[in-house]
Amino acid sequence: MSGADAEKRLAGEAALDREVRTGMRLGLGTGSTAALMLEALAERLADGRLRDVTGVPTSEATAERCRQLGIPLATLAELPELDLAIDGADEIDPSLGLIKGLGGAHLREKVVACAAARFVVIADAGKLVRRLGDHAPLPVEVIPFARPVSTRLLAGLGWEPELRLRGGAPYVTDEGNHLLDCRRDDWSHPERLAAELQAVPGVVEHGLFLDIARAAYVAETGGVLMLGDAAPASPGAVP
Ligand code: A5P
């Protein structure tokens, strides 16, 4: 395992050990950090450290990996309320605002995060930024029919939208939509940007996650840093 993967795995293990209890209904994220967390979760289910955990996956890729690892799955129709969701991120700012979606799954990820009583992020320290938009483009998911219009309207709002491609064709999300990776210079009011994006016809979801994450487990060379609010004590726990 590379050094970077070892750090990602440490972040996932810390989140599992401090946040996940037997019997929980979990939202399971997408991306390389989340994939390493899934392996650690499967190990805890196999050796009995955790029992009766059911996951709602945020992508077809995560669902497939869970099936390979033997992690029990449910749909949101079966489990519309979750105890906790754990996911990676592309950028994390000091107030736990996030950019997500470089893996193309932010639509389902935001739904699952908001279906959970608590949402926590796992990442390596390279994801920490002073200001959102410093490194990552903002992925915006649009329905294919609307794409030319949405693209023009986004440009009118000061974004530079770039259609995400795979193999020379538009990238297609799990929900059958296209992605516009959007950049801009002025990121001074993320809440206003989020509201403007949501109002553009054809936009299904954007990758700004504001006031959704309650904690972040960030792996760095010295260990794992926990930012945000600590996990609530489990019933019966000794303070
Ligand atoms: C998936 O759509 C994204 O939101 C991921 O959570 C994000 O890209 C983090 O991925 P890595 O853990 O691979 O960096």
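Since this is a predicted model, take the numbers as computed values, not measurements.

## Observations regarding the side chain of arginine 118
Item 1. Tracing the chain through its elements places arginine 118 in the loop between α4 (106-115) and β6 (119-124).
Item 2. Look past the residues within four positions of arginine 118 in its chain and what remains in contact with it is Glu19, Asp83, Leu84, Ala85, Arg214, Ala215, Asp229, Ala230, Ala231 and Pro232.

## Here's the deal with the sheet that holds strand β12 (residues 203-206)
Item 1. Read across the open sheet, the 4 strands follow the order β8-β11-β7-β12; overall the sheet is antiparallel. Of all the strands in the sheet, the pair left with one neighbour each is β8 (160-163) and β12. The average undirected angle you get between the axes of adjacent strands in this sheet is 30°.
Item 2. Bridge analysis of β8 against strand β11 (residues 178-183) gives 4 bridges, and the strand direction is antiparallel. The residue of β11 that forms the bridge with proline 161 is cysteine 182.
Item 3. Sheet strands in contact with helix α6 (residues 190-198) are β7 (138-142) and β12, and its direction is about 155° off that of β12.

## Here we look at the site of the ligand
Item 1. Ser32, Thr33, Asp90, Glu109 and Lys127 are the nearest of the 17 residues found near the ligand.
Item 2. The contact in question runs from an oxygen atom of the ligand to an N or O atom on the side chain of threonine 33, over 2.6 Å.
Item 3. Contacts to the ligand include glycine 103, whose backbone N or O atom sits 3.4 Å from an oxygen atom.
Item 4. Summarising the interface, the protein chains cover 90% of the accessible area of the ligand, which totals 380 Å² for the free molecule.
Item 5. Mapped by element, the contributors of at least two residues to the shell around the ligand are α2 (32-46) and α4.
Item 6. Across the shell around the ligand, the residue classes tally to 3 nonpolar, 9 polar and 5 charged.

## Observations regarding the sheet that holds strand β13 (residues 208-209)
Item 1. Taken in spatial order, the 3 strands of this open sheet run β4-β5-β13, and their pairing is antiparallel. With partners counted over all chains shown, the strands left at the sheet margins are β4 (91-92) and β13, one partner each.
Item 2. In this sheet, β13 lies alongside strand β5 (residues 98-99) in antiparallel orientation, the contact comprising 2 bridges. Opposite isoleucine 99, over in β13, you have leucine 208 as the bridge partner.

## Examining the packing of aromatic side chains
Item 1. In the structure shown here, the tally under the stated rule is 2 aromatic pairs.
Item 2. Ring plane angle 40° and centroid distance 6.3 Å describe the contact between phenylalanine 119 and phenylalanine 209, whose orientation is recorded as tilted. Of the two residues, phenylalanine 119 is situated in strand β6 and phenylalanine 209 in strand β13; the sequence distance between them amounts to 90 residues. Taken individually, phenylalanine 119 and phenylalanine 209 each receive the classification buried, so the pair is uniform in this respect.

## Some thoughts on the packing of α2 against helix α3 (residues 60-69)
Item 1. Running from N to C, α2 and α3 point in directions that differ by 30°, and their axes come no closer than 10 Å. Considered as vectors, α2 and α3 are oriented roughly parallel to each other. As for the relative orientation of α2 and α3, their crossing is right-handed in sense. Residues Leu38, Glu39 and Ala42 of α2 lie in contact with α3, whose contacting residues are Thr62, Arg65, Cys66 and Leu69.
Item 2. A class-by-class count of the residues in the contact of α2 with α3 yields 4 nonpolar, 1 polar and 2 charged.

## Quick notes on α4
Side chains three or four residues apart in an α-helix point the same way, a direct result of the helix having 3.6 residues per turn.
Item 1. Across the 10 residues of α4, 7 count as buried, placing the element largely inside the fold.
Item 2. Those residues of α4 that sit buried are His106, Leu107, Glu109, Lys110, Val112, Ala113 and Ala115.

So, how was this worked out
- Residues numbered from 1 in each chain as written.
- Predicted model: local features only at pLDDT ≥ 70, side-chain atom pairs only at ≥ 80, totals over all residues.
- Heavy atoms only, no water.
- Helix = DSSP H or I, 4+ residues; strand = E, 2+ residues; numbered from the N terminus.
- Contact = heavy atoms within 4.5 Å.
- Pairing = 2+ DSSP bridges.
- Axes fitted to C-alpha atoms, helices over the stretch in contact; angles between N-to-C directions.
- Near = heavy atom within 4 Å.
- Polar contact = N/O pair within 3.5 Å; in protein donor to acceptor, adjacent residues only side chain to side chain.
- Areas by Shrake-Rupley, 256 points an atom, 1.4 Å probe, with all protein chains shown as cover.
- Nonpolar A, V, L, I, M, F, W, Y, C, P; charged D, E, K, R; others polar.
- Phe/Tyr/Trp six-rings, centres within 6.5 Å; stacked < 30°, edge-to-face > 60°.
- Buried < 20%, exposed > 50% of the residue type's maximum accessible area, 1.4 Å probe, protein only.
- Parallel < 35°, antiparallel > 145°, perpendicular 65-115°, else oblique.
- Left-handed = near helix turned anticlockwise from the far one by under 90°.

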